[in-house]
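Residues per chain, in single letters:
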Amino acid sequence: EMNRHLETKLKESEGKFLPLKQKYDTLQQLTEDMKRSADELEYEKNRQISYLENENLQCLGELKLKKKEIQSLKVERNTEIYDEPTEDIGSIISMKLSSLEC
């Protein structure tokens, strides 16, 4: 009688344990899936950050080159302005006076 009572209690316990074990296994799987998803998101975030950092460095390099080109063009333009032949003020006055005398 005692054994039968214990077997009944054992079967009842097993009946309660199995659904709890299934829930535990399901939660365990969900936890692993979420961790894997979080790791994938972290990897993707780091990949995008690395790409953007490299893109930024490339843009900064191009900007430096363009600034140097602009500076060179400014220097070249200023040099051309100063290299152009100019008439001295005396020549201009003489030409004006001679045109008045006629």
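Above this text sits the structure in question.
An account of the accompanying structure is given in this report. Quick caveat, the model's predicted, so the values are computed rather than measured.

### Describing the overall build of the protein
Scanning the protein for helices and strands turns up two helices and zero strands. Put simply, the protein has 102 residues, and 0% of those count as buried. Put simply, the protein shows about 10300 Å² of open surface, and 59% of that area lies on carbon and sulfur atoms.

### Regarding a nonpolar patch on the surface
Nonpolar side chains collect at one region of the surface, where Leu27, Leu30 and Met34 lie side by side and expose about 330 Å² of accessible area between them. Examined against the element boundaries, Leu27 turns out to sit in helix H1 (residues 2-83). The exposure class assigned to Leu27 is exposed, which follows from its relative accessible area of 54%.

### Thoughts on the pattern of salt bridges
In the structure shown here, the tally under the stated rule is seven salt bridges. Asp39 is the partner of Lys35 in a salt bridge, and the nearest nitrogen-oxygen pair spans 3.5 Å. In this pair, Lys35 and Asp39 are both assigned in helix H1, four residues apart and thus about one turn of the helix distant. You can call Lys35 exposed: its relative accessible area is 53%. Across the salt bridge formed by Arg47 and Glu44, the nearest N and O atoms sit 2.6 Å from each other. Highlighted residues: Arg47 and Glu44, both in helix H1, separated by three residues, approximately one helical turn. Judged by relative accessible area, Glu44 falls into the partly exposed class, the value being 29%.

What counts as what
Residues numbered from 1 in each chain as written. Predicted model: local features only at pLDDT ≥ 70, side-chain atom pairs only at ≥ 80, totals over all residues. Heavy atoms only, no water. Helix = DSSP H or I, 4+ residues; strand = E, 2+ residues; numbered from the N terminus. Buried < 20%, exposed > 50% of the residue type's maximum accessible area, 1.4 Å probe, protein only. Areas by Shrake-Rupley, 256 points an atom, 1.4 Å probe, with all protein chains shown as cover. Patch = residues over 30% accessible without salt bridge, like charges linked within 9 Å, V, L, I, M, F, W, Y side chains within 5 Å. Salt bridge = Lys/Arg side-chain N within 4 Å of Asp/Glu carboxyl O.

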